[in-house]
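Descriptive structure summary
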Amino acid sequence: MVFALQSCLKDNVTRTYSIFEPIYKSKAEVLAEIKSSTPVSISSPGKIYMYGNYIFLNEVNKGVHIIDNSNPASPVIKAFINIPGNVDIAVKGSTLYADLFTDLVVLDITNPLNVALQKVVPKIFPERVYAAGFTGDSTKVIVGWTEKVIKEKVDQPPVGRGWIRADALLSVSSAPAGNSGGVKSITGIAGSMSRFSIVNDQLYAVNNTSLKVLNIATMNDPQLQNTVWVGWNIETIYPFKNKLFLGSSNGMFIFDISNPAAPVREGSVAHFRACDPVVADNDYAFVTLRAGTFCQGTNNQLDVIDVQNVMSPRLVKTYGLTNPHGLAKDGNLLFICDGSDGLKVYNASNVMDLQLLDRIKNLETYDVIAWNKRLLLVAKGGLYQYDYSDPSHLSLISKMTVK
Amino acid sequence: MKKFLLILLLFLMIKNETPAQEIKKEKKFFSSQISTGIVEGAQGTSFHIETINGLRYKTWFGGIGAGLDYYYFRSIPVYLSAIKYLSTRNHSFFIQGDAGMNFAWDEEGGDVWNEVSQEFKPGIYWNGMFGFATGLDRKNSFSFGLGYSYKSLKEIKEMAVMCFNPPCANTFETYQYNLKRLTLRLGWQFNSR
């Protein structure tokens, strides 16, 4: 009778969540598949690179779409390069650099429809591990994930499962990272949320803690020159003239690259914990801070930082935003991807009083490249191209949807 | 002994005549009840309060109820209620059954360092009770009851996960709460007859 009563009063609480178990292939198999393959639909757009008439769009953790943009009104996906674990790309001349987990792969893209693997530089990014306790089989390459749904009983009021798991991931990052406008060079255009940056004969790459310097004077034979400790939770890199602006979850760092092989830290600006991409011009750096996710902060804003004295940058103005991601700057125009609040276009001629010129609503925007009156926008729905000849009225040129 | 039983039978018949006469005169009338009490389950004892409003006809009552229930999570059950009185007298036992939805009254999260957001989805609520109502007069009565109730809720939590290349996709956990309790209620009832 007592047991029956206890059973009737026993609460039933269950917790359901997904884990992702790795699918492996051998390194040899993976390297053999790095070539121009049949085009696939865009599903998780990531970093974007503009080079000549081509757009190279990262498919997060999977590879690179090669998009023929010779007619911006009708871009066509021409090929897909399978690169498991790829999240960053950079282009110089006819060479594309991409990360494949801990390695750097070098591809000849003279003919984008017939890309050829030139070199693999191993362990350039040895710090690249899946966090949260997961450790992969280092003798193989993870090429995908199998989702497994776990349902378990919870006896006490749940206070969180935690995120430590050695055998699987708790989430597979498919959130677009994104890019936004930068200095055009022979190296193409990357963005504010990129981790790679090419300046002349150097490829600079940041990971969580440090800045790697690779000499790419011989484009298909990069050589690691230097590793510079920066700090913790380094996220983005943005070049401007002889400076590198590094964004982290706790602040922005400015490095001088007058000696390209030996970046020297000159100044920094701390901020509340947030994720922050950055762009800069001669006088100011523009940093968006985003709350939520692992960034854990509570601030959603744009910080304008006076960098005229790079040894002592100072915050001059803060603007409240909704949930900003990447940003771009072209002259006095500032483009900000403000998450679900769309794309915002500002007149930044007076940084103390930004004027909103136009806004594209109903888009969850991640990142943007602005160059020569043409805007490439990565959003949840796909890849959009706009003409900003009239910055008060952006006009849509084309849209490539995400499947 | 036989005489005693015959007299008792006659007495009961006369007494029952009164309810029958009352039934002939009885019309539908509005009835409102407010009650409070405790619920007791595996997580301990909690407070609840509720109100039920509807129509009474003869020995039946049907109405709509809503309450505030603090067991496990603060929630607002909203339900249809049916009560069967075993008599039309002012003093009567009753059986009550309630069924409807249970809505969370959102509480602040923050128990977990990496929790980004939480969202509750409505669940089910039902209650079965046996009690006794005793009237002060024709319009007002007190009631108390003992019963068993169930409420459910679903909670979806979004959790941040550290990864190599932040910002990163978050993970989601879904909690399904199916909660069973004993209930004890004290109530005041107003009738418009």
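Now for a quick tour of the structure. Residue numbers run consecutively from 1 along every chain, following the written order of its sequence. Written order decides the labels, with chains lettered from A and ligands numbered from 1. Under the rules for a predicted model, residues below a pLDDT of 70 receive no local features and side-chain atom pairs below 80 are neither given nor counted, while totals for whole chains, interfaces and linings still include all residues. Excluding hydrogens and water, the side-chain values take into account all heavy atoms of the structure.

1. Re unusual backbone geometry
Residue and element names in this part refer to chain A. Where we set the bar: Only DSSP runs of H or I covering at least 4 residues are called helices, and only runs of E covering at least 2 are called strands; the numbering of each starts at the N terminus. Burial here depends on accessible area, computed with a 1.4 Å probe over protein chains only, as a share of the maximum for the residue type. Under 20% is buried, over 50% is exposed, and the range in between is partly exposed.
At Phe 101, a position not held by glycine, the phi torsion is positive, near 55 degrees. When you line up the elements, Phe 101 lands in the loop between strand S8 (95-100) and strand S9 (103-108). Judged by its relative accessible area of 12%, Phe 101 falls in the buried class. Phi is positive for Asn 372, close to 55 degrees, though the residue is something other than glycine. With respect to the element layout, Asn 372 can be found in the loop between strand S28 (365-371) and strand S29 (374-379). A relative accessible area of 59% places Asn 372 in the exposed class.

2. Focus: the packing of aromatic side chains
Short version of the rule: What counts as a ring pair is set by centres within 6.5 Å for rings of Phe, Tyr and Trp (its six-membered ring), and what kind of pair is set by the plane angle: stacked under 30 degrees, edge-to-face over 60, tilted for all other angles. Cation placement over rings: the criterion is NZ of Lys or CZ of Arg within 6 Å of the ring centroid and within 35° of the ring normal.
Inspection of every chain in the model, using the stated rule, returns 18 aromatic pairs over all chains. Seen from their ring centres, Tyr 54 of chain A and Phe 56 of chain A are 6.4 Å apart, and the 40 degrees between their planes marks the pair as tilted. Take Tyr 54 of chain A: its relative accessible area is 24%, and that puts it in the partly exposed class. Residue Phe 56 of chain A is classed as buried on the basis of its relative accessible area of 1%. Ring centres of Phe 335 of chain A and Tyr 388 of chain A lie 4.9 Å apart, and the angle between their planes is 65 degrees; this geometry places the pair in the edge-to-face category. You can see Phe 335 of chain A sitting in strand S25 (residues 333-337) and its partner Tyr 388 of chain A sitting in the loop between strand S30 (382-387) and strand S31 (395-401), a full 53 residues away along the chain. Here the aromatic cluster, defined as three or more aromatic residues joined through ring pairs, consists of Tyr 71, Tyr 72, Phe 73, Phe 120, Tyr 175 and Tyr 177 of chain B. Sitting over the ring of Tyr 24 of chain A, Lys 140 of chain A keeps its end group 5.7 Å from the ring centre. One Lys or Arg, Arg 74 of chain B, reaches over the ring of Trp 105 of chain B and ends 4.1 Å from the middle of that ring.

3. Notes on the sheet that holds strand S27 (residues 355-360) of chain A
Residues and elements named next belong to chain A. How we decide: Two strands are counted as paired when DSSP detects at least two bridges linking them. Each axis is a line fitted through C-alpha atoms, and for a helix only the stretch in contact is used; angles between axes span 0 to 180 degrees, taken between their N-to-C directions.
Overall, antiparallel pairing links the 4 strands, which are arranged S24-S25-S26-S27 in an open sheet. At either end of the open sheet lies a strand with only one pairing partner, and these are strand S24 (327-330) and S27. Here the strands of the sheet are splayed against their neighbours by 20 degrees on average, with no regard to which way each runs. The sheet contact formed by strand S26 (residues 343-347) and S27 spans 5 bridges and is antiparallel. Bridging across to S27, Tyr 346 finds its partner in Leu 356.

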